[in-house]
Amino acid sequence: TPKGDEPTPQRRALEWLADEDERQLAVSSHFLHERYALASFWFSTYDYAEKHEGKKDDGTPLPNWLSTNNWMSSAPTCSWFGVHCEKGIDADGSVDEFNVTNNGIRGYVPEEFYKGLTDVKVFDVSHNLLNGTIADSIGHWPDLRLLYVNQNYFTGQLPGSIFSPLHKSKLEILDFGGNFLSGTIPNEIGDLDNLVRLALYENWLTGTISPFLANCKKLDTLYLDSNDLGGTIPPMVVSQLTELQDLRLRSNHLTGPIPSDVDNLSKLKLLYLDDNELTSTIPASLGSLARLEEMHLYKNKLTGPLPSELGNLRYLTLLYLDSNQLDGPIPDSFGDLHSLQQLFLFNNRLTGSIPASLYGIENVEELRLNNNELSGSLPTEIGQLLKLRNLHLENNEFTGSLPHQMGNMDDLEELRIQNNGFTESFSEGGLDSICLLRDQSLAEFVSDCDEISCDCCSQCP
C-alpha cells in the first residue's frame, strides 16, 4: 500500500494473519485460505463500515455486527459466529455454511471472500445492511444449495455465474429480493432444474419474464413482484410449473390476459397479480384452484363479469378484485366462500343487488363494495355478519333504510353509506340501533346528513 494511503480490507486481513493471529496456520493449509476469506469479510464490514459509513449525531459509530462471538480470535474459524463446518466447532475445517442473517452488518462482501471459501452449501447474509455489487465469483461454489442475500442494499446485475450448469442439479433456493439489482432475468435460469424457490422481488429488474422459467418444474415459490418487468405472462410458466404454491408477479407492468390454463396450478395457495396492466376477462378456470387461499387481481384493466366459478374456492380467505373495469352482478355462488374474511370489489362497474347468499358468509370481516352501480335495499339478514368490521357501500345506488338488526354487529368499526339513496331519520328504527354502536366499536360512520338526520355520524360529506 502506498505510504499515507489507508490499507485495504484485504491488506488488513493479511497483516492480521501474519502479525496478530495466534493460530498461525501453515501457509500451505487450505484452512488458512478460509481464515483469510473470513478476515477479509470482517475488515470489509465491521472495520470498513465504522470508518466509511458515517456516524450518529452524537459522533458514535452506527450499529454494526450485533453478534461477533469468536470472530478475529485465536479460536478455530468453525467456532466463529455464523460459521459452520462439517467437522464441528472445535477444529479448523471446510466451511459449508455461512449464516449471519439479521446481524446488522454494514459494508460490502469482498471478492476474496467468495474465492477463499470453496465448499459452501448454505450462504445467508439476508436482512443486513450490505452494499456494493455481488461478485460473479459467488457462482463458483459447486455445492451451493441455498443462497439468501435478500433485504440488503446490493446493486448491479444478477451474477451470471449463478445460472451456470455448475448449479444445475444442486441449487434449491435463490433469494435476491429486497435490493437494488438491475438488468434482466437471464434465460439460463431455466437450466436450474432443481430450483424450489426463486425470489427476485423488490428490485429494479427490467425486460420480460423468461419463458425458460417453465423448465424449473420443481418451483413451489416464485416471487418476481415489485420490479419493472413488462410483456405478458408466459403461458408455459402457468401450464408447466405445476408444483407452484405461491406465485407473486404484482407491481410490475405486465400486460395481456391471465393465461386460461392457470388451472394447471392445482397446488397454488397464493396468487398475487395485482397492480399491473392485465386485460381481458377473469378466466373461469381460476375457480378450479381448489387449494387457493388468497387471490389478488386488483388494480388492473380486467373487464367482463365476475365468474361464478370463483365460488368453488372453499379455502379462499382474501378476494381482491377491486379497481378494475368489471361489470354485471355479484354471483350468488360467492355465498359459498365460507372461509372468506375480506371481499374487495370496489371501483368497478358492478350492477344489481347484493345477493342474499353473501350474508351467510359468517367469517367475513371486511366487505368493500363502494364505487359501483349496485342497487336495491339491505335485508335484515345483513345483521348476521357478526364478525364484520368494515362495511363500505358508498357511491352506489342503494335505497331504503338500514335494518335495525345491524345493531347486532358489535365488531363494526367502519360504516360508510354516503352517496346512495338511503332515507331515514337516525332517531328511528335501524339507524337508532346503529347509533348505539358509536359508544362501542363503531369509530367511523359516514352518511349523507342532508338526506337523513344523523346526529351520531362521525362525518357528513
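See above for the structure.
On a predicted model such as this, the values are computed, not experimentally measured, just so you know. (Residues numbered from 1 in each chain as written. Predicted model: local features only at pLDDT ≥ 70, side-chain atom pairs only at ≥ 80, totals over all residues. Heavy atoms only, no water.)

A. Examining the state of the cysteines more closely. According to the stated counting rule, one finds one disulfide in the structure shown. Note that Cys78 is cross-linked by a disulfide to Cys85, the S-S spacing being 2.1 Å. Negative torsions about the S-S bond denote left-handed disulfides, and the value of about -95° found for Cys78 with Cys85 makes this one left-handed. (Disulfide = S-S within 2.5 Å.)

B. Geometry of helix H1 (residues 9-20). Within H1 the residues assigned to the buried category are Pro9, Gln10, Ala13, Trp16 and Leu17. Each buried residue of H1 lies within a common arc of 120° when the element is viewed along its axis, so the set occupies one face. For H1, exposure combined with an orientation more than 90 degrees from the buried face picks out Ala18 and Asp19. (Buried < 20%, exposed > 50% of the residue type's maximum accessible area, 1.4 Å probe, protein only. Helix = DSSP H or I, 4+ residues; strand = E, 2+ residues; numbered from the N terminus. Arc of directions from axis to C-beta.)

C. Structural view of the packing of aromatic side chains. As enumerated under the stated definition, the model contains 26 aromatic pairs in all. Chaining the aromatic ring pairs together yields one cluster made of Trp16, Phe41, Trp42, Tyr46, Trp65, Trp71, Trp80, Phe98, Phe113, Tyr114, Phe123 and Trp141. (Phe/Tyr/Trp six-rings, centres within 6.5 Å; stacked < 30°, edge-to-face > 60°.)

D. Region of the structure containing the environment of Glu22. Turning to its location among the elements, Glu22 is positioned in the loop between H1 and helix H2 (30-52). Judged by relative accessible area, which is 66%, Glu22 ranks as exposed.

E. Focus on unusual backbone geometry. For Met72, which is not a glycine, the phi torsion comes out positive at approximately 60°. Residue placement: Met72 occurs in the loop between H2 and strand S1 (83-85). Positive phi, close to 55°, is recorded for Asp275, a residue that is not glycine. Among the structural elements, Asp275 can be located in the loop between strand S15 (270-272) and strand S16 (277-278).

F. Focus on the sheet that holds strand S24 (residues 373-376). Strands sit in the order S18-S20-S22-S24-S26-S28 across an open sheet of six strands; the sheet is parallel. Looking at the sheet topology across the chains shown, the edges are occupied by strand S18 (303-304) and strand S28 (421-422). Direction of pairing for strand S20 (residues 325-328) relative to strand S22 (residues 349-352): parallel, over a ladder of two bridges. By the bridge assignment, Asp327 is partnered in S22 with Arg349. (Pairing = 2+ DSSP bridges.)

G. Representation of the pattern of salt bridges within the structure. Enumeration over the complete set of coordinates arrives at 19 salt bridges. Across the pair Glu111 and Lys115 runs a salt bridge whose closest N-O atoms are separated by 3.3 Å. Remark: Lys115 and Glu111 occur in helix H3 (residues 111-116); sequence separation between them is four residues, near one turn of the helix. In this structure Glu111 comes out as partly exposed when scored by relative accessible area, which is 38%. Of the charged contacts in the structure, one is a salt bridge between Asp275 and Lys299, with a shortest N-O distance of 3.9 Å. Of this pair, Asp275 sits in the loop between S15 and S16 while Lys299 sits in the loop between strand S17 (294-296) and S18, placing them 24 residues apart in sequence. Given the relative accessible area of 42%, Lys299 is considered partly exposed. Linked by salt bridges that have partners in common, Glu365, Glu366, Arg368, Arg389 and Glu413 make up one network. (Salt bridge = Lys/Arg side-chain N within 4 Å of Asp/Glu carboxyl O.)

H. Fine view of the environment of Phe176. Its place among the elements puts Phe176 in the loop between strand S8 (173-175) and strand S9 (180-182). For the pair formed by Phe176 and Phe346, sequence separation is 170 residues and the distance between their alpha carbons is 34 Å.

I. Region of the structure containing the sheet that holds strand S5 (residues 129-133). Here four strands make up an open sheet; going across it, the order is S3-S5-S7-S9 and the pairing parallel. The open sheet has two edge strands, strand S3 (106-108) and S9, and neither has a second partner. When strand polarity is set aside, the average angle formed by the axes of neighbouring strands in this sheet is 15°. Pairing of S3 with S5 involves three bridges; the strand directions are parallel. Within the sheet, the bridge partner assigned to Tyr108 lies in S5 and is Asn131. (Axes fitted to C-alpha atoms, helices over the stretch in contact; angles between N-to-C directions.)

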